[in-house]
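The primary structure of each chain is shown beneath.
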Amino acid sequence: MKNHDVAGRMADSPSREGLREAVRRQILSYTGSDPDRAGVRDVYRGLAFALREYLAEKWIETQRAYYESGAKRIYYLSLEFLVGRSLMSNILSLGLEDDARAVVESYGHSLDDIEEMEWDAGLGNGGLGRLASCFMDSLATQGFAAYGYGIRYDFGIFWQVIENGAQTERPDNWMRFGCPWQFERQGHLYPVQFGGSVRILHDEQGNERRIWVGSEHVLAVACDMLVPGYRNGKVINMRLWNAKASREFALDYFQRGDYVGAVEEKAKSENISKVLYPDDSRVQGQELRLKQQYFFVAATIQDIVRRSRKQSGGLAGMPDRVAVQLNDTHPAIAIPELMRVLVDEEELNWDDAWSICVRTFAYTNHTILPEALEHWPVETMQRVLPRHMEIIYEINARFLQLVRRLHPGDDALAARLSIIDEDHGRRVRMAHLALVGSHMVNGVSALHTDLLRSSVFQDFHDMYPRRFVNMTNGVTPRRWMLQANPLLSDLITEAIGPGWETDLARLRDLRPLAEDAQFRQRWREVKFENKKRLSAYMLPRARVLAPPEFMFDVHVKRIHEYKRQLLNVLHVVTLYNRLRGAPPGECPLPCVPRVAIFGGKAAPAYAMAKLTIRLIHAVASVVNGDPHVSNYLRVAFVPNYCVSNAEKIIPGTDLSEQISTAGTEASGTGNMKFAMNGALTIGTMDGATVEMAKEIGDEHFFIFGLHTPEVAALKARGYDPRRIYDADRELRLAVDMIANGHFSPREPGLFEPIRQSWLDDGDKYMVMADYRSYVEAQERAAHLYQDREEWTRVSILNTAGMGYFSSDRTIAQYAREIWGAEPVTGSGARKK
Ligand code: 26V
């Protein structure tokens, strides 16, 4: 039975014959190929274009209904949307799986092969961008009048290639063969300016007016990517801006007879939307990045203001009609931009404009790592956005006036709260700007929000306690269960009936089935199938044979010191040493053959992250090449971790690694995807993992390591990683082998910087401190894995406890507590 058709296709979905006809027509007209001899790529394009036509019709209907309903509009502003592939998720949302399968099979292809033709839309780095895409799915599914806004980068996150055990980056030319899901609206463009100066004019009444005259002009062209709701007939869109040279500007050059200069200038301005910044670990303050931020914000605000004008109440009524959510500080320049539009162009007075701004904007914080908090040198801001710099000064002056009124004489407090950091070469603190200019700020897990309140933004919290709220992240069960794991989804539907995919709390109905031996058997069979599929996927890519009987122990996410892939490597080396020390052919207890599977991209300039990838490969080559060991232990690195290979890796995972230093991972969302798919978690008490353990039950989790307050206390007391190293024989051995070239005999000093960071430079992420506790938790995991029935029982209980972590719940909470928005009901509304 196909789970996906249980709910039935939409009443007005195309019939199978209609779809067949549409695909044929599209193959003919778009690819110019003979439909009777269509290759797999032709069929992919034919099917995609046929679906797109249908989505477009639904989109127009939806937009009309939203317009007529007068519902509050939600604008989700994000520099990143990590979409992945769209074919299968669109098919599922439209309820057309069986029909699409039948149609492509009539061309002699399988739907799986067709799916592989699509290139990921990788317009994001990791968690933050993927969250934005999960949110789009939930916003559409719940029928909110919502829009995503971002940039259509020509090049998404780089393609990772492993050469001689090291990462190299290749450009991700994701639109090489076009992208069937986008509509470029050539006629829908807005001017955006940069640089120049501010002119001061006086009107007839003698009032001063400030007008910004830029020196550089580009056009923002809208490109819409459609997002259907899950079987509710609704379609919303992400509007992604593309930079195009402005015509007048080029004309100026042409008039001077400088043809080549004109073309060069055109290329330069179009660079703005050329490439996604691939380093999400630290800010570097490049001017082009600021231009990207302003470019997309300026176009978006024009679009929002245009639409708001048509709504009742006009611009003054904006806060009642519009909510703008800032996905981190990357779009925070929207605050001074809206002020500029309202004050300079619409001629509102400052106080009215400010009140509109604050009530319209809300800000989500996604990290507390100081190196990732954005700040722009005043000098750069002044040069690129001179009027915005003035407005930021004015916002700050008024804000500090209030601070001084509340705390007279406390200059230190004023300096700490100021939007301008005077101590590090004068910088604009974007988080402070976002906090002052929004009515709400949220963290992305309970722990993270507490840390915002109690440490990073403590002074702000003292001042505006009610501004801080928590919105624990979630992920969409449509992509991460239905689509990625059809076997498990079918089993769940059979057991608890349909409907759980839009009401995830219902997974709790699986709990009693954990006690049913027959059900456990079937659950195990599904996992085994998924492991076989993953193993086949990995063989040519990681070049490691992963027997599905082995435990699949998986650590996939961006490579970062705080995520502690190195702690995992230390454990692998420890297992290797234990195996080498055992009599030949014997396996030390608890004996569980396992494959340690890694995947993730390192920022191209992040040396320690790149070295970590080299170390994983070096250890893999020694471990996998030692026949004495490889019967019980293998190491695999899956290159180019991305959304589409996550969909294959996650369902085949037994053990999910969520081992960041407590207090550093804001939420994590991979943690949720694994547990939903029946993986058990080995993890620290960090981010949303804390809440998962609470929902599922601590006893069904392998929790280890220091908790956040302990990390802080140990650091305050004086942490001495060397003492721990000296006292622990197994740890010492593992560290020494890495440092002394056991895994890099031809370059013995290669991994010395890793030893140094642990033993000489203070071990910032407390790897030494958590090592022993981690190894013990791994032993508990191995022990449980030996008991297949018990492991399966706990696996079922993990899935059953994940109902809270649907992005549907998260979005409903944002709507209620931050946006004050309700879903649009009525025609085409969600069927309950
Ligand atoms: C920062 C930067 C810095 C400058 C250049 C480009 C760039 C791109 C992205 C970032 C954001 C880093 C913050 C981030 O991704 N946070 C992650 O957000 C997830 C969703 O809330 C959360 O689950 C992860 O724990 C958190 O690390």
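The following paragraphs examine the structure supplied in this document. (Residues numbered from 1 in each chain as written. Predicted model: local features only at pLDDT ≥ 70, side-chain atom pairs only at ≥ 80, totals over all residues. Heavy atoms only, no water.)

Taken together, 20 residues lie around the ligand, and His-366, Asn-473, Glu-665, Ser-667 and Gly-668 are the ones closest in. With respect to the ligand, the side chain of His-366 contributes an N or O atom lying 2.6 Å from an oxygen atom. A distance of 2.8 Å separates an oxygen atom of the ligand from a polar backbone atom of Gly-668. Alone, the ligand offers 590 Å² of accessible surface; in the complex the protein occludes 93% of this. (Near = heavy atom within 4 Å. Polar contact = N/O pair within 3.5 Å; in protein donor to acceptor, adjacent residues only side chain to side chain. Areas by Shrake-Rupley, 256 points an atom, 1.4 Å probe, with all protein chains shown as cover.)

For Asn-164, which is not glycine, the phi dihedral falls at a positive 50°. Mapping Asn-164 onto the fold places it in the loop between strand E5 (159-163) and strand E6 (166-170). On the accessibility criterion, Asn-164 (79% relative accessible area) is exposed. Its identity is not glycine, yet Arg-426 carries a phi of approximately 55°, on the positive side. Within the secondary structure, Arg-426 is located in the loop between strand E15 (420-421) and strand E16 (427-429). Judged by its relative accessible area of 32%, Arg-426 falls in the partly exposed class. (Helix = DSSP H or I, 4+ residues; strand = E, 2+ residues; numbered from the N terminus. Buried < 20%, exposed > 50% of the residue type's maximum accessible area, 1.4 Å probe, protein only.)

Attention shifts here to the packing of helix H23 (residues 607-624) against helix H30 (residues 752-759). For the pair H23 and H30, interaxial distance at closest approach is 10 Å and the crossing angle is 120°. Here H23 is positioned oblique relative to H30, judged by the angle of their axes. Note on packing geometry: the crossing formed by H23 with H30 is left-handed. In contact with Met-608, Leu-611 and Leu-615 of H23, H30 contributes Pro-753, Ile-754 and Ser-757. For the contact of H23 with H30, the per-class residue count stands at five nonpolar, one polar and no charged. (Axes fitted to C-alpha atoms, helices over the stretch in contact; angles between N-to-C directions. Parallel < 35°, antiparallel > 145°, perpendicular 65-115°, else oblique. Left-handed = near helix turned anticlockwise from the far one by under 90°. Contact = heavy atoms within 4.5 Å. Nonpolar A, V, L, I, M, F, W, Y, C, P; charged D, E, K, R; others polar.)

So, on to the sheet that holds strand E18 (residues 468-470). Taken in spatial order, the nine strands of this open sheet run E7-E10-E11-E4-E1-E12-E13-E17-E18, and their pairing is mixed. Only two strands of the sheet have a single partner each, and these edge strands are strand E7 (182-194) and E18. Ignoring which end each strand starts from, the neighbouring axes of this sheet average 25° apart. Here strand E10 (residues 216-228) pairs with strand E11 (residues 235-245) via 11 bridges, running antiparallel. (Pairing = 2+ DSSP bridges.)

So, about the environment of Asn-677. Along the chain, Asn-677 falls in the loop between helix H25 (670-676) and strand E23 (680-683). Separated by 240 residues in the primary sequence, Asn-677 and Gly-437 place their C-alpha atoms 40 Å from one another. In this view, Asn-677 contacts Trp-480, Met-481, Asn-485, Leu-488, Lys-527, Ile-650, Pro-651 and Thr-799; residues no more than four positions away in its chain are not counted. Separated by 2.9 Å, the side chain of Asn-677 and the backbone oxygen of Trp-480 make a polar contact.

Right, let's get into the pattern of salt bridges. Pairs may arise between side chains of opposite charge once their charged atoms sit close together. Evaluation of the coordinates by the stated rule reveals 60 salt bridges. Linking Glu-17 and Arg-20 is a salt bridge whose minimum nitrogen-to-oxygen distance equals 3.2 Å. Of this pair, Glu-17 and Arg-20 both sit in helix H1 (residues 16-31), three residues apart, which is roughly one turn of the helix. Measuring nitrogen to oxygen at the nearest pair gives 3.1 Å for the salt bridge that ties Glu-789 to Arg-524. Of this pair, Glu-789 sits in helix H32 (residues 788-800) while Arg-524 sits in helix H21 (residues 517-542); the two residues are 265 residues apart in sequence, bridging distant segments of the chain. Among the charged side chains, a network of salt bridges with common partners joins Arg-185, Asp-224, Arg-239, Asp-303, Arg-306 and Arg-307. (Salt bridge = Lys/Arg side-chain N within 4 Å of Asp/Glu carboxyl O.)

Coordinates in, geometry out; function isn't part of it.
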